[in-house]
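# Coordinate inspection notes
Take a look at the letters that make up each chain.
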Amino acid sequence: MKTLAAAPEIEPLLEEVTRFCRGRLAPLAERPECRVPPADVAALTAEATELGLLNPTREPAAGLWDRVDVVAGRQFGIRALAIVAEHNAGVAYHLHQRALAALALRRLHADFAGATVVAIQGRFGLARGSLARLLQGRDLLTDDVATLGDYFFDRDQQAAEAWSGIFMATDHWRWLLVPSLTEDRHWRWRLYERGDLEVAQLPASHGLEEVPCWQWRPKVGIEATLLDELVYADATEGARAEPLYAALFDLEQRALLAIALGLVRRAHALAVEYAAIRVQGGKRLQAHPAVQALLGRGAAVANAQALALSRLAELPLGVASLGDVIATRAEAHDPLCAAANDQLQVFGGLGYIRDTGIERRVRDLNHLRQLCGTPPELRIFLAAWKTSP
């Protein structure tokens, strides 16, 4: 793939992503009742790396989330994830994870360990308003220190037998990168090798079957590789340095919205295709006003989501934009889930059968709604974010 610096026009890059999805991912995901096997996900990951969609090196190029410092890089990441998600949302989330980890390691000036996952979401929601106040650099309230110690990894505060947190990843992950805070609110990242952790794969999730959920805790006596955070942003003189976590948390929200867009687009396409061939009451479904209303809602919500993401791509990552990003996602997921359910209703009872493909898109969207903050949790975060210090 060309570099984004050399090719500010991202359409040729997106065409390569589309060809990759149609030629390699689509055949593996054509049976929606089955997840893409882990071995095939690993093979797709290797091919995405060879293509340049993933870039596990120290130097940014044209891969996913490589150039988040420019609008074209953010636009490419959002649109590429939506394209992949139209074929399989689990694989899209997996590619996002790998790219997010590469960005984090690059910013931390760390060696690339390979197959790394970043645990963005801590324990218990979004730490209520404590996380918002922390990221804004505001004075913390009395309960914030304890809440944040529980939200982020803090072995001194947690019971030895407690699980430290959860994350989602394919079966082939090898390293886990975890954010933590020192007593003086200095960010420190801990890098664990899989063999140094006690892990348990949780039972099958509601959706995103290619990336099961894991809970983890360090083995007794194990110490992580500590990575002290450097200044993330190229801050101007006198500007406050932003934590890397703010950018990664922001990017996670945008990625979830992009994947949701791909899912709604695919659900709408399936419903349109079915309505064009199914005959009911002497005419095709697409001729019935009630079905037209359902299809229209799917198209309208997908279009509104694409416009919202296009606007977000114009905003830089980090604290300055995080309030807008959170507000967008807090109000987007419920309409997205409802629109996908409307597309399912076009199929009638057949929509609930797994081999039609539509019910999987509904499940995946419902699952995305729970990641890195549900709409109620995001609204609590936003209330604290918008509250004056």
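Now for a look at the structure at hand.

Reading guide: rules and limits
Residues numbered from 1 in each chain as written. Predicted model: local features only at pLDDT ≥ 70, side-chain atom pairs only at ≥ 80, totals over all residues. Heavy atoms only, no water. Core = buried A, V, L, I, M, F, W, Y, C linked by side-chain atoms within 4.5 Å. Buried < 20%, exposed > 50% of the residue type's maximum accessible area, 1.4 Å probe, protein only. Helix = DSSP H or I, 4+ residues; strand = E, 2+ residues; numbered from the N terminus. Pairing = 2+ DSSP bridges. Axes fitted to C-alpha atoms, helices over the stretch in contact; angles between N-to-C directions. Phe/Tyr/Trp six-rings, centres within 6.5 Å; stacked < 30°, edge-to-face > 60°. Disulfide = S-S within 2.5 Å. Contact = heavy atoms within 4.5 Å. Expected span 1.5 Å × (residues − 1).

## Points about the nonpolar core
Within the largest apolar cluster, 115 residues are counted, with the highest numbers of intra-cluster contacts made by Leu 131, Leu 135, Tyr 245, Phe 249 and Phe 381. Per element, the largest residue contribution to this core is 21 residues, and it comes from helix α7 (residues 244-277). In terms of nonpolar packing, the next biggest core, distinct from the first, is built from 12 residues, Phe 167, Val 178, Leu 197 and Ala 224 among them.

## Examining the sheet that holds strand β1 (residues 116-118)
Judged by pairing direction, the sheet is mixed, and its four strands sit side by side in the order β1-β3-β4-β7 without closing on themselves. Only two strands of the sheet have a single neighbouring strand rather than two, namely β1 and β7 (225-228). When the angles between neighbouring strand axes are averaged without regard to direction, this sheet yields 30°. Pairing of strand β4 (residues 187-193) with β7, which is carried by four bridges, proceeds in the antiparallel orientation.

## A short note on the sheet that holds strand β2 (residues 165-168)
Here we have three strands laid out as an open sheet, ordered β2-β6-β5, and antiparallel in their pairing. The sheet terminates laterally at β2 and β5 (197-201), the two strands that pair on one side only. Going from strand to strand, the sheet's axes swing by 30° on average, the running direction of each strand aside. Inspection of the sheet shows β2 paired to strand β6 (residues 213-218) by four bridges, in the antiparallel sense.

## Considerations on unusual backbone geometry
Phi at Leu 208 is positive, roughly 50°, even though this residue is not glycine. Relative to the helices and strands, Leu 208 resides in the loop between β5 and β6. In this structure Leu 208 comes out as buried when scored by relative accessible area, which is 1%. Not every positive phi belongs to a glycine, and Cys 372 is a case in point at roughly 50°. Looking at where Cys 372 falls in the secondary structure, it is placed in the loop between α10 (358-368) and α11 (375-386).

## Here we look at the packing of aromatic side chains
Evaluation of the coordinates by the stated rule reveals 11 aromatic pairs. Between Trp 187 and Tyr 245, the ring centres sit 5.3 Å apart and the planes meet at 15°, which makes this aromatic pair stacked. With Trp 187 in strand β4 and Tyr 245 in helix α7, the pair connects residues that are 58 residues apart, well separated along the chain. We classify Trp 187 as buried; its relative accessible area is 9%. On the basis of an interplanar angle of 15° and a centroid distance of 4.5 Å, the ring pair of Tyr 274 and Phe 347 is categorised as stacked. Of this pair, Tyr 274 sits in helix α7 while Phe 347 sits in the loop between α9 (319-346) and α10, and the two are 73 residues apart along the sequence. The same class applies to Tyr 274 as to Phe 347, namely buried. Among the aromatic residues, those joined into a ring-pair cluster are Tyr 151, Phe 152, Trp 187, Tyr 245, Phe 249, Phe 381 and Trp 385.

## A look at the environment of Ala 383
Along the chain, the position of Ala 383 falls in helix α11. Exposure remark for Ala 383: the relative accessible area of 46% places this residue in the partly exposed category. Separated by 141 residues in the primary sequence, Ala 383 and Glu 242 have C-alpha atoms spaced 21 Å apart.

## Notes on the state of the cysteines
Applying the stated criterion across every chain yields a total of zero disulfides. Cys 34 provides the cysteine sulfur closest to Cys 21, a residue in no disulfide bond, and the two sulfurs are 20 Å apart. Taking relative accessible area as the criterion, Cys 21 reaches 0% and is therefore assigned buried.

## Notes on α10
For α10, the tally of buried residues reaches 10 of 11 residues, placing the bulk of the element in the interior. Buried residues of α10: Ile 358, Glu 359, Arg 360, Arg 361, Val 362, Arg 363, Asp 364, Leu 365, His 367 and Leu 368, and no others. Residues of α10 that are buried sit in contact with α3 (71-87), α4 (89-107), β2, α7 and α9.

## Observations concerning helix α2 (residues 38-51)
Residue pairs spaced three or four apart in an α-helix point in one direction, given the helix's 3.6 residues per turn. Taking 1.5 Å of rise per residue, 14 residues should cover 20 Å, and α2 covers 20 Å from first to last C-alpha, within 8% of that figure. Close packing links the buried residues of α2 with α1 (11-28) and α4. One or two residues past the end of α2 sits Gly 52, with phi positive at roughly 105°.

## Digging into the pairing of β4
Taken together, the seven bridges between strand β3 (residues 175-181) and β4 define a ladder with antiparallel strand orientation. From the neighbouring strand, Ser 180 faces β4, where its bridge partner is Arg 188. Hairpin connection, β3 to β4: the antiparallel pair is bridged by five residues, and Arg 185 has positive phi, about 65°.

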